[in-house]
Amino acid sequence: MNIPITNPIKIVVKHVGDVHIHTFISSYEGDNIANATHIIESKNELVLIDGQFLKPYAQKFRAYADSLKKPIARLYLSHRHPDHWFGLGDAFSDVEIYTLPETIEFLKEHGEASREDHMGKLGDLAPDKVVIPQHAVSPGVEFIDGVQYVIERVIDTEIDYGITLKLPEFGVFIAQDLIYSGTHLYLTKYLDHWMEQFEDMLTSDYEVFLPGHGAPADKKEVTENLKYLIAAKQAIDDGLKNQEFKQFMLQKFPTRQCPAIFDIYLPRLFDGASEY
Ligand SMILES: [Zn+2]
């Protein structure tokens, strides 16, 4: 694989009072997929969202968090795809990690096999070990260092089980892989239910949508994501598969970045390949 390591992109998405919301994006180059992870910096501590994919970016994301000179209260893992949890083993093994019980179970059962499977492709960019999150979250409202988090369990979208976090005081919706901002989406068999999530976002009061890939998004980009799923569903209904499907989507959405995602999901979507 062609995986150049380049400078990450760091963005302060919002600053209100004592709260800064940061986004950290890994490379868009080559076969990279612009993994986006986030930090909610409040008066006394930090909450992190996801742990990056490749070792150098996990370490750089940790260094960025440490540069803020506040303790990490916790890290929320959004879902079980490796590009969100591999980096936990590289840079966050000392952090309290929270995720859904289904995600914890999956990592216990398949985490090591997934790591070993990726070693061949990623070499030393893969983690040396798997870190299993210690804490199961349930949906509801949490206050951490004075910031309100609304945690929701979302099923059958880009993944079977995942969480989103909303920060109603700031109009910020941490959607992770419900949104691919400016990049090609990882498609699954759950397109209809996923589209309903976009419809909810577009009619909500939230204005900023933090994605799992690419730059912070607005409702225009959520609309583009919805258009992408509508086109994909139509193409699948028309019988397109694999390379034909990929060529159709590349032509239809020529400005979206990170086409390497097709080769990750096409065998799973059309040929029943293993989920990890
Ligand atoms: Zn992802």
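- The protein goes by Metallo-beta-lactamase domain-containing protein in an unreviewed UniProt entry, where it is assigned to Pseudoalteromonas luteoviolacea DSM 6061.
- Quoted verbatim from the Sequence similarities (unreviewed entry) field of the UniProt record, the comment on the protein reads "Belongs to the metallo-beta-lactamase superfamily. Class-B beta-lactamase family."

**Examining the pattern of salt bridges**
At step 1: Taken as a whole, this structure holds 15 salt bridges when the rule is applied.
At step 2: Put simply, Arg80 and Asp160 hold a salt bridge, and the shortest N to O gap is 3.3 Å. With Arg80 in the loop between strand E5 (72-76) and helix H2 (82-85) and Asp160 in the loop between strand E9 (147-155) and strand E10 (161-167), the pair connects residues that are 80 residues apart, well separated along the chain.
At step 3: Salt-bridge contacts for Asp237 lead to Lys233; the nearest nitrogen and oxygen are separated by 3.9 Å. With Asp237 and Lys233 both in helix H6 (residues 219-237) and four residues apart, the pair spans about one turn of that helix.
At step 4: On the basis of relative accessible area, Asp237 is assigned to the exposed category, the value being 55%.
At step 5: Residue Lys233 is classed as partly exposed on the basis of its relative accessible area, which comes to 27%.
At step 6: Three or more residues joined by partner-sharing salt bridges are found here, namely Arg62, Asp66 and Asp94.

**A closer look at the packing of helix H7 (residues 242-252) against helix H8 (residues 260-271)**
At step 1: Interhelical geometry of H7 versus H8 gives an angle of 130° and a closest axis separation of 10 Å. Taken together, the axes of H7 and H8 are oblique relative to one another. H7 and H8 meet at a crossing whose hand is right-handed. Where H7 abuts H8, its residues Asn242, Gln243, Phe245, Lys246, Met249 and Leu250 lie against Phe262, Asp263, Tyr265, Leu266, Phe270 and Asp271.
At step 2: For the contact of H7 with H8, the class distribution of residues is seven nonpolar, two polar and three charged.

**So, the sheet that holds strand E2 (residues 19-25)**
At step 1: Across the sheet, which stays open at both edges, the seven strands sit in the order E1-E2-E3-E4-E5-E6-E7 with mixed pairing between neighbours. One side of each edge strand has no neighbouring strand; the edge strands of this open sheet are strand E1 (9-16) and strand E7 (135-136).
At step 2: With seven bridges connecting them, E1 and E2 associate as antiparallel partners. For Lys14, the partnering residue across the bridge sits in E2 and is Ile21.

**So, the UniProt feature "domain: Metallo-beta-lactamase" (unreviewed entry) in the protein**
At step 1: Those residues carrying the UniProt feature "domain: Metallo-beta-lactamase" (unreviewed entry) are residues 34-213 in this numbering.
At step 2: Between the C-alpha atoms that bound residues 34-213 the distance is 5 Å, and the span itself is 31% helix and 32% strand.

**Side note on the packing of helix H5 (residues 191-202) against H6**
At step 1: Interaxial distance between H5 and H6 falls to 10 Å at its minimum, and their mutual angle equals 160°. By the angle between their directions, the pair H5 and H6 is classed as roughly antiparallel. Between H5 and H6 lies a crossing whose hand is left-handed. Contact with H5, carried on its side by Leu191, Asp192, Trp194, Met195, Phe198, Glu199, Met201 and Leu202, involves Lys219, Val222, Thr223, Asn225, Leu226, Leu229, Ile230, Ala232, Lys233 and Ile236 of H6 and no other residues of that element.
At step 2: A breakdown of the residues in the contact of H5 with H6 according to their chemical character gives 12 nonpolar, two polar and four charged.

**Let's talk about the coordination of the zinc ion**
At step 1: Around the zinc ion, the protein contributes the donor atoms Asp83 (OD), His84 (NE2), Asp177 (OD) and His213 (NE2), at 2.1 Å from the metal centre.
At step 2: One way to put it: the four donor atoms around the zinc ion meet at angles of 84 to 167°, and that makes the site irregular.
At step 3: Between the donor residues of the zinc ion, the gaps in sequence give the motif D-H-x92-D-x35-H. Taken together, the residues Asp177 in strand E11 (residues 172-181) and His213 in strand E12 (residues 208-214) connect sequence positions 36 residues apart.
At step 4: Taking relative accessible area as the criterion, Asp177 reaches 4% and is therefore assigned buried.

**Concerning the packing of aromatic side chains**
At step 1: Using the criterion set out here, one finds 14 aromatic pairs in the structure.
At step 2: Following the ring pairs from residue to residue traces out a cluster consisting of Phe24, Phe61, Tyr64 and Phe92.
At step 3: Lying over the aromatic face of Phe106, Arg80 brings its terminal NZ or CZ to 4.3 Å of the ring centre.

Cut-off values and rules
- Residues numbered from 1 in each chain as written.
- Predicted model: local features only at pLDDT ≥ 70, side-chain atom pairs only at ≥ 80, totals over all residues.
- Heavy atoms only, no water.
- UniProt positions renumbered as here; feature names shortened; annotations may be inferred.
- Salt bridge = Lys/Arg side-chain N within 4 Å of Asp/Glu carboxyl O.
- Helix = DSSP H or I, 4+ residues; strand = E, 2+ residues; numbered from the N terminus.
- Buried < 20%, exposed > 50% of the residue type's maximum accessible area, 1.4 Å probe, protein only.
- Axes fitted to C-alpha atoms, helices over the stretch in contact; angles between N-to-C directions.
- Parallel < 35°, antiparallel > 145°, perpendicular 65-115°, else oblique.
- Left-handed = near helix turned anticlockwise from the far one by under 90°.
- Contact = heavy atoms within 4.5 Å.
- Nonpolar A, V, L, I, M, F, W, Y, C, P; charged D, E, K, R; others polar.
- Pairing = 2+ DSSP bridges.
- Donors = N, O, S within 2.8 Å, 3.2 Å for Na, K, Ca; no water.
- Tetrahedral: all angles 85-135°; square planar, octahedral: opposite > 155°, others 65-115°.
- Phe/Tyr/Trp six-rings, centres within 6.5 Å; stacked < 30°, edge-to-face > 60°.
- Lys NZ or Arg CZ within 6 Å of the ring centre and 35° of its normal.

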